[in-house]
Each structure stands twice: as C-alpha cells, then as structure tokens.
Amino acid sequence: MASNALSNQATTRQRRSGLQITRVALYVIAGAATLYFLFPLVWLLMASTKNNSDLYTSSAFWFAHFNLVANLQQLLTYDNGIYLQWMGNTFLYAFGSASLSILISALAGYALAKFTFPGKKLIFNVIVCAVLVPGTVLVLPLYLLMSSVHLVNTYWSVLLPSLFSAFGIWFSYIYADASIPRELLEAARMDGAGELRIFFTVGLRLMSPALATVFLFHFVGVWNSFFLPLMMLSNEHLYPLSVGLYLWNQVGTDATYSLTNLMITGSLLAALPIVLSFVFLQRYWRSGLSLGSIVG
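Quick caveat: nothing in here was measured; it's all calculated off a predicted structure.

Draft legend 1. Quick peek at the side chain of T49. Within the secondary structure, T49 is located in the loop between α1 (2–47) and α2 (52–57). Of the polar contacts made by the side chain of T49, one reaches the backbone oxygen of M46; its length is 2.6 Å. Filtering out sequence-adjacent residues up to four positions away, T49 remains in contact with F63, H65, F66, N67, L68 and N71.

Next up, the structure:
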C-alpha cells in the first residue's frame, strides 16, 4: 500500500513537472512570436517620429529628434490634404463592402445550412472552389466586366467586386449549421413567424460571432487591397491609401526621399483602424453560441 502511494505521488509529480515544462515552452514560443510581429510595428512607430535625415542616420529602433507632430501636419496638408481623401475613400470601400458582404454571406450561409433545394450541393461546391481561387486572378476579368458597363474609374468599380466573399459564405454556412438548432427554427415557425423574420431575429443573432469574424476579415482585406483599385482607378481622388502611398513612392528620386517621412507616417495612421477593429470586435468572439436564443 505504501509503495503504491509513493508510486502514485511520484507519477503525479512527474505529470506536474511535465505540464510546467510544456507551459513554459508555450510561453516562450508565444513571446517569441509576439516579438516577431511587434518588431515592424515598433520600427514604424519609431520611424514616424523622425525627419528624413534622421531616418537614415539614427538607430532604427530608437528615437531621434521627435518630429511626429511636424510629420502629421505635413502629411495632412500635403497636396491639399489628399491623404485625408484617400483615408475617406479607403473607409468607404472597406466599411461599405464589408457591411453589405456580411449580410450577403449571412443570408447565403443560412440558406445553405437550413434549407433544402435543387442544386444546393452544386452551389456549395462552387463556393468552396471559389475560396481556393486567388483574388488577383479575378482582377482582369472584373476589369473587363466593369469596363463593359462603364463603371471603371468610379467608386463602384471597387465596391461591387468586393461585395461577394466566398470565404464569408462558407464560414457562415459552417457556423449556422453548427450553432442554430432546427428545433428553435421550428418553434418560431409554429408561432407564425415568417422565414425572413426568423432569420433576422433568431439566425442573425446566433450567427453574430461568426459574422464579426467575417466582417473583420473582409474589412482588413479590402482596407489592404492594392491590385484591384490599382487596375480600376486612374483618378487620384478615388485612390485608397494603399495605392496612394504606393504612388508617392514612385515619384522621382529626389522627391521620393523628401516624401519618405510622409509615407511612413501615413502607413502608421493607416494601421490604426485595423488595430481598433480587432479591439472592438473581440467582445463578439467571446459572446458564445447561445446569443440570441431569447428573441423579441
């Protein structure tokens, strides 16, 4: 009996020791990954506080002469404040397309998950295949399509192609199929609710964590989109930030050097909405699967 107790205690200590080693290893890996991803942001923050000469003569990861306020003033007033217009355009493209895209994705995913109709399997397979197609492959066909309806070089040439998200539909389907009980839908139908009312009062609420993820992925994707607006737009007043900052970098050699601090400071400001989006939408990811079970 005593030997068995000692053996069990030794086994327990070994397990605890193994768990502690595993925990420490995970902390080390997580810390290393955090530092790896923070290094570019730290460099961007440091560089945005420097003037052009300090960018090339001072340490990359430390401050020099603090020039952030002057950089911001120059950025926001350069070329009659074109940066602010690019920022507004980017917000319009990203927020507008993401807001409409999550509604389309939610409707399509919910219908695929909860209804049976002819061609359902074929439609789902096409959507899964569309997830695997790189977006850059579709830019030229989309350009020809927009050109045929005379929408090139307009806001619509960027907004309309961004409304459909194959990943959003697929993810909404997976989440709706797993998180929306059919019994709840049947109970709503027995109470006389129509299908649209059931979707908006029951389905949409239960799918909100998934839709927050779809919104964030789509918002970040369109915010960082480069090739599509580069192909579609030729008017600089319609450019998003990605294309505008790129074109600042394509000016002549002397001018490029003079605009380096503007490009870096502009990149820092362009990253802030993405960070805020992650912070704001975190609460939806923690909301759980039972959200919306009590409907009004």
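Continuing now.
Draft legend 2. View of the side chain of S97. Relative to the assigned elements, S97 resides in helix α4 (residues 82–114). Within the structure, S97 has its side chain in polar contact with the backbone oxygen of Y93 (distance 2.5 Å). Apart from residues lying up to four places away in sequence, S97 is in contact with L92, L159, S162, L163, H218 and V222.

Draft legend 3. Seen up close, the pattern of salt bridges. Tallied over the entire structure, the rule returns two salt bridges. The closest approach of N and O atoms between E186 and R189, which form a salt bridge, is 3.1 Å. With E186 and R189 both in helix α9 (residues 182–190) and three residues apart, the pair spans about one turn of that helix. For R189, a relative accessible area of 25% puts it in the partly exposed group. Residues participating in the shared-partner salt-bridge network are E186, R189 and E195.

Draft legend 4. How the structure looks around unusual backbone geometry. With a phi close to 55 degrees, D79 is a non-glycine residue in the positive phi region. Structurally, D79 is set in the loop between α3 (68–77) and α4. Not every positive phi belongs to a glycine, and N153 is a case in point at roughly 65 degrees. You can see N153 is positioned in the loop between α6 (139–148) and α7 (156–159).

Calculation rules
Residues numbered from 1 in each chain as written. Predicted model: local features only at pLDDT ≥ 70, side-chain atom pairs only at ≥ 80, totals over all residues. Heavy atoms only, no water. Helix = DSSP H or I, 4+ residues; strand = E, 2+ residues; numbered from the N terminus. Polar contact = N/O pair within 3.5 Å; in protein donor to acceptor, adjacent residues only side chain to side chain. Contact = heavy atoms within 4.5 Å. Salt bridge = Lys/Arg side-chain N within 4 Å of Asp/Glu carboxyl O. Buried < 20%, exposed > 50% of the residue type's maximum accessible area, 1.4 Å probe, protein only.

Note that every value here comes from positions in space, so none of it alone points to a role or purpose.
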